[in-house]
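Topology and contacts: notes
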Amino acid sequence: MIRDAVGVILAGGQARRMGGVDKALLPLGGTTLIERAIARASVQVADLIINANGDPKRFAHLGLPVVADPVGGFVGPIAGILAGFAWMRSERPKARWLASFACDCPFFPMDMVQRLIAKAQSERARVAVAESGSQHHPVFAVWSADITASPEEILVKQGLRKMDDFVATLPNVRVRFDTDPIDPFVNINTPEELAHAEDYIVEQGAMG
């Protein structure tokens, strides 16, 4: 566990390809996607929060703070990152890193935060992003507390929506993760992908 890190699980998407259901609460491997993400993220950071829009009471049983996007309109994961920063600055002002996770990726590495922060510190970068195979995954990243961007500046004045565009504004590095036996950042966007993930969990064991 990194004691000066706060984690934010991004669960604010609209899940159009899943029929608009609350993807975070979909069942997988005897639990839900959000509960699975919490189990994998909570051992990596000192504090964990959920970024989600709508009624926060649906997550009350999880016992974690729930923070909504700082602007309306479902503008994407950048808003969730900035919501995490706002909570961290208010509630954990001594924290040095914000780690971000997506709730719809059920197999993300349990050593991710440690590896990303180590790389960022060694390269003096403000952001370290995970990559696997031929892809990078800017939603899975660590962000330095020195980043002072405000929602108004990033989302309103600059109008940024793509994570790659946001990352490109900051000194950044990438860390490669192995894809054997499965890409740890595979995400669930369709019922078929959910079924494949269920099959993999059955084959590999509860945590995958």
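Description of the structure in this document. For clarity, every value in this text was computed on a predicted model and none was experimentally measured.

Calculation rules
- Residues numbered from 1 in each chain as written.
- Predicted model: local features only at pLDDT ≥ 70, side-chain atom pairs only at ≥ 80, totals over all residues.
- Heavy atoms only, no water.
- 1 Å grid on protein atoms, 1.4 Å probe; cavity = no way out; pocket = protein on both sides within 12 Å on 5 of 7 lines; lining within 4 Å.
- Points joined across faces, edges and corners; volume = space filled by probe spheres on them.
- Nonpolar A, V, L, I, M, F, W, Y, C, P; charged D, E, K, R; others polar.
- Salt bridge = Lys/Arg side-chain N within 4 Å of Asp/Glu carboxyl O.
- Helix = DSSP H or I, 4+ residues; strand = E, 2+ residues; numbered from the N terminus.
- Core = buried A, V, L, I, M, F, W, Y, C linked by side-chain atoms within 4.5 Å.
- Buried < 20%, exposed > 50% of the residue type's maximum accessible area, 1.4 Å probe, protein only.
- Lys, Arg positive; Asp, Glu negative; His and termini not counted.
- Polar contact = N/O pair within 3.5 Å; in protein donor to acceptor, adjacent residues only side chain to side chain.
- Contact = heavy atoms within 4.5 Å.
- Pairing = 2+ DSSP bridges.
- Axes fitted to C-alpha atoms, helices over the stretch in contact; angles between N-to-C directions.

1. Some details on the layout of surface pockets
In this model, the second largest pocket occupies a volume close to 170 Å³. Forming the boundary of the second largest pocket are 11 residues, of which R40, F107, P181, I182 and P184 lie nearest the centre. Within the lining of the second largest pocket, the residues separate by chemical class into seven nonpolar, one polar and three charged.

2. Quick notes on the pattern of salt bridges
Any two side chains of opposite charge can pair, given that their charged atoms come close. For the structure on display, the rule yields seven salt bridges. Ionic pairing is found between R96 and D146, a salt bridge with its closest N-O pair at 2.8 Å. Of this pair, R96 sits in the loop between α2 (77–91) and β6 (97–102) while D146 sits in the loop between β8 (135–144) and α4 (151–157), and the two are 50 residues apart along the sequence. With a shortest N-O distance of 3.5 Å, R176 and E131 are connected by a salt bridge.

3. Details of the nonpolar core
Of all hydrophobic cores here, the largest spans 66 residues; its most connected members are I9, I34, F101, F140, W143 and F166. It is α2 that provides the largest number of residues to this core, a total of eight residues. Among the nonpolar cores identified, the runner-up in size contains nine residues, and L33, F107, L194 and I201 belong to it.

4. Describing the side chain of D69
Note on placement: D69 falls in the loop between β5 (66–67) and α2. There is no salt bridge for the buried D69, and the closest opposite charge comes from R161, which lies 9.5 Å off by N-O distance. A distance of 3.0 Å separates the side chain of D69 from the side chain of N51, its partner in a polar contact. Excluding anything up to four places from it in sequence, D69 contacts N51, N53, F74, A79 and G80.

5. Here's the deal with the sheet that holds β8
An order of β5-β4-β1-β6-β8-β7-β9 is seen for the seven strands of this open sheet, with the pairing classed as mixed. Edge positions in the sheet fall to β5 and β9 (172–177), since each of these pairs with one other strand and no more. Bridging between strand β4 (residues 45–51) and β5 involves two bridges; their strand directions are parallel. Each bridged residue has a counterpart across the sheet, and for I50 the counterpart in β5 is V66. Against the sheet, helix α1 (residues 33–41) makes contact with β1 (2–10), β4 and β6, and its axis sits at roughly 160° relative to β4, the strand it touches most. Across the face of the sheet, helix α3 (residues 112–123) comes into contact with β1, β4, β6, β7 (127–132), β8 and β9 while running at roughly 140° to β9.

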